[in-house]
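# Secondary and tertiary structure notes
Each chain, letter by letter, is given below.
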Amino acid sequence: MKDFNIKRLIRDNIKTMKPYASARTDYNDVSENMVCLDANENPFENGINRYPDPQQLKVKAEISKLKGISVHQLLLGNGSDEVLDLIFRAFCEPKKDNIITLPPTYGMYDVLAKLNHIENRRLPLTNQFQPNLELISRSKDYRSKAIFICSPNNPTGNQFSKGKIEKLLREFEGLVVIDEAYIDFSNKESWIKRLDEFPNLIVTQTLSKAYGMAGVRLGICYASEAIITILNKIKPPYNVNTLTQQKVLEKLSEPDRISEDITEILKQRDGLKLELETIPFIEKVYPSDANFLLVKVDDATKRYQELLKKGIVVRNRTNQLLCNNCLRFTIGTESENKKLITVLKLL
Ligand SMILES: *Cc1c(COP(=O)(O)O)cnc(C)c1O
């Protein structure tokens, strides 16, 4: 990596702004016998009458232990979608900068680009669902502030080659954001282990998938201390609420339960793949490193409607690039997956 300078990437308005100083920024140690008359809260204790810890220190301490990453290299968000939005707002100047995405991929990157008025240079994956490095190299310019890499990728389910991602990390002058929403289902190593090597690397993870907590909305961002400091400065002060912080702490105290869930989902996924491959109108079941299967059928829209009529909702991805006539099946419980197979066999 030659001369990476994060200052070149930050928007000018972000460089000069002062963050909101909340009552709890000034004084956060509310657990002791202090009389807190600083934040205009309702004084009657009910478990949630106080503002949450804006830095979520207890949750971060647990994640830090679990993942072996310093708390100074962590930022938590209201889902990883909030983290992704913060990245746009900190680094991408509306109407001037651009980002690069690699479709078919997660739809939020494009939504956030539009929301923030940023050009999205959509550079399709190869037919093997891998980043097209030559196309990326040709299409980027000095205003390409970030490239969004989803690995394992939604909706294709595969992971990108380590060598290709490494090359991007070395050669891309902007931020390389690796969205690892599905990393817990993969046996490959997370890129968080490489943070110290690549100052332009941001990794996002979520508790919405493997951890079974989509309802609490917790996203995790891992990056250099310099990047985390910038994102911290612009995040809404109380972006992760008290109930979420409590539930997450409970969950993280039972890591065995989480890995049992993952083991069961993987077993179900591999079983379901074999069953699906016996169904005549299914042309291909793509390999998956995630908790879903991308499946090519004869007529995706027709099959989608038929499944819906039988009470099974799946995702129709036929309009996505390279996904003509593809459906995406999330892995359910054993009985849900059996029902899916039974219904498919009768179509
Ligand atoms: C599901 C998913 C997320 C999750 O976002 P949250 O806001 O944390 O729920 C992020 N990225 C990808 C690619 C996903 O599929």
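Basis of the calculations
Counting restarts for each chain: residues are numbered from 1 in the order of the written sequence. Note on the predicted model: pLDDT of at least 70 is required for a residue's local features to be given, and 80 or more for side-chain atom pairs to be given and counted; whole-chain, interface and lining totals, by contrast, use all residues. Side-chain metrics rest on all non-hydrogen atoms present in the structure, leaving aside hydrogens and water. Here a residue is considered near a molecule or strand provided that any single heavy atom belonging to it is located within 4 Å of it. Counted as a polar contact is a pair of N or O atoms within 3.5 Å, where, for protein atoms, one must be capable of donating a hydrogen and the other of accepting one, and residues adjacent in sequence contribute only when both atoms are in side chains. Residue-level accessible areas treat just the shown protein chains as cover; the underlying method is Shrake-Rupley with a 1.4 Å probe. Side-chain classes are defined by residue name, with Ala, Val, Leu, Ile, Met, Phe, Trp, Tyr, Cys and Pro counting as nonpolar, Asp, Glu, Lys and Arg as charged, and the others, Gly among them, as polar. Throughout this description, the term nonpolar core refers to a set of buried Ala, Val, Leu, Ile, Met, Phe, Trp, Tyr and Cys residues connected via side-chain atoms within 4.5 Å. Classification of residues uses two cut-offs on accessible area relative to the type maximum, computed with a 1.4 Å probe and protein chains only: under 20% is buried, over 50% is exposed, and between them is partly exposed. Residue contacts are counted whenever heavy atoms from the two residues lie within 4.5 Å of one another. Only the contacting stretch of a helix is used when fitting its axis, a line to C-alpha atoms as for every element, and angles between N-to-C directions run 0 to 180 degrees. What counts as a helix is a DSSP run of H or I of at least four residues, what counts as a strand is a run of E of at least two, and both are numbered from the N terminus. Throughout this description, any angle smaller than 35 degrees is read as roughly parallel, any larger than 145 degrees as roughly antiparallel, any in the 65 to 115 degree range as roughly perpendicular, and the remainder as oblique. For a crossing to be left-handed, the near helix must be turned anticlockwise from the far one by less than a right angle; the clockwise case is right-handed. Points on a 1 Å grid over protein atoms alone make up a cavity when a 1.4 Å probe fits among them but cannot get out, and a pocket when they form an open set with protein on both sides within 12 Å along at least five of seven lines; lining residues each have an atom within 4 Å of a point. Grid points are joined across faces, edges and corners, and a volume is the space filled by probe spheres set on the points. Expected helix span is given by 1.5 Å per residue-to-residue step, counting one fewer step than there are residues. Think of the arc as the fan of directions from the helix axis to the C-beta atoms. By definition, a salt bridge exists where a carboxyl oxygen of Asp or Glu is found within 4 Å of a side-chain nitrogen of Lys or Arg.

### Considerations on the site of the ligand
The environment of the ligand is made up of 13 residues, and the closest members are Tyr182, Thr206, Ser208, Lys209 and Arg217. At a separation of 2.7 Å, an oxygen atom of the ligand approaches a polar backbone atom of Ser80. Contact between the ligand and Asp179: a nitrogen atom at 2.7 Å from a side-chain N or O atom of the residue. Bound to the protein, the ligand loses 93% of the 380 Å² it would expose on its own. Taken together, the residues of the shell around the ligand sort by class into 4 nonpolar, 5 polar and 4 charged.

### Some points on the nonpolar core
Among the nonpolar cores identified, the biggest contains 71 residues, and Leu218 and Leu276 are the most heavily contacted of them. Other than its neighbours up to four places away in sequence, Leu276 contacts Ile282, Val285, Leu293, Val295, Phe329, Ile341 and Leu344. Of all hydrophobic cores here, the second largest spans 32 residues; its members include Phe4, Leu86, Ala90 and Ala223.

### Focus: the packing of helix α5 (residues 80-91) against helix α6 (residues 108-115)
For the pair α5 and α6, the least separation of the axes is 10 Å and the interaxial angle reads 40 degrees. Considered as vectors, α5 and α6 are oriented oblique to each other. Crossing of α5 against α6: the hand is right-handed. From α5, Asp81, Leu84, Asp85 and Phe88 reach across to α6, where they touch Met108, Tyr109, Leu112, Ala113 and Leu115. Tallied by class, the residues present in the contact of α5 with α6 amount to 7 nonpolar, no polar and 2 charged.

### Here's the deal with empty space enclosed by the protein
Here the structure, examined in full by the defined rule, presents 1 cavity of 30 Å³ or more. In this structure, the largest cavity spans a volume of roughly 50 Å³. If you go around the largest cavity, the residues you meet are Ile63, Leu66, Lys67, Asp184, Gln205, Thr206, Leu207, Tyr211, Ile220 and Leu252. Elements supplying a minimum of two residues to the lining of the largest cavity: α4 (57-67) and β6 (201-206). It is α4 that contributes the most residues to the lining of the largest cavity, 3 residues altogether.

### A short note on helix α13 (residues 334-346)
When the terminal C-alpha atoms of α13 are compared, their 19 Å separation across 13 residues agrees well with the 18 Å that a helix rising 1.5 Å per residue should span. Turning to α13, its buried residues number three or more, namely Asn337, Leu340, Ile341, Val343 and Leu344. Projected down its long axis, α13 shows its buried positions confined to an angular sector of 165 degrees, all on one face. Facing away from the buried side of α13 by over 90 degrees, the exposed positions are Ser335, Lys338 and Leu346.

### Topic: the pattern of salt bridges
Proximity of charged atoms lets side chains of opposite charge pair with each other. One pass over the full model with this rule turns up 25 salt bridges. The shortest N-O distance in the salt bridge between Asp184 and Lys67 comes to 3.9 Å. Here the residue Asp184 occupies a position in the loop between β5 (175-179) and β6, and Lys67 occupies one in helix α4, the gap between them amounting to 117 residues. Of the two residues, Asp184 and Lys67, both sit in the buried class. The network of salt bridges with common partners includes Glu166, Arg170, Arg194 and Glu197.

None of this, on its own, says anything about what the molecule does.
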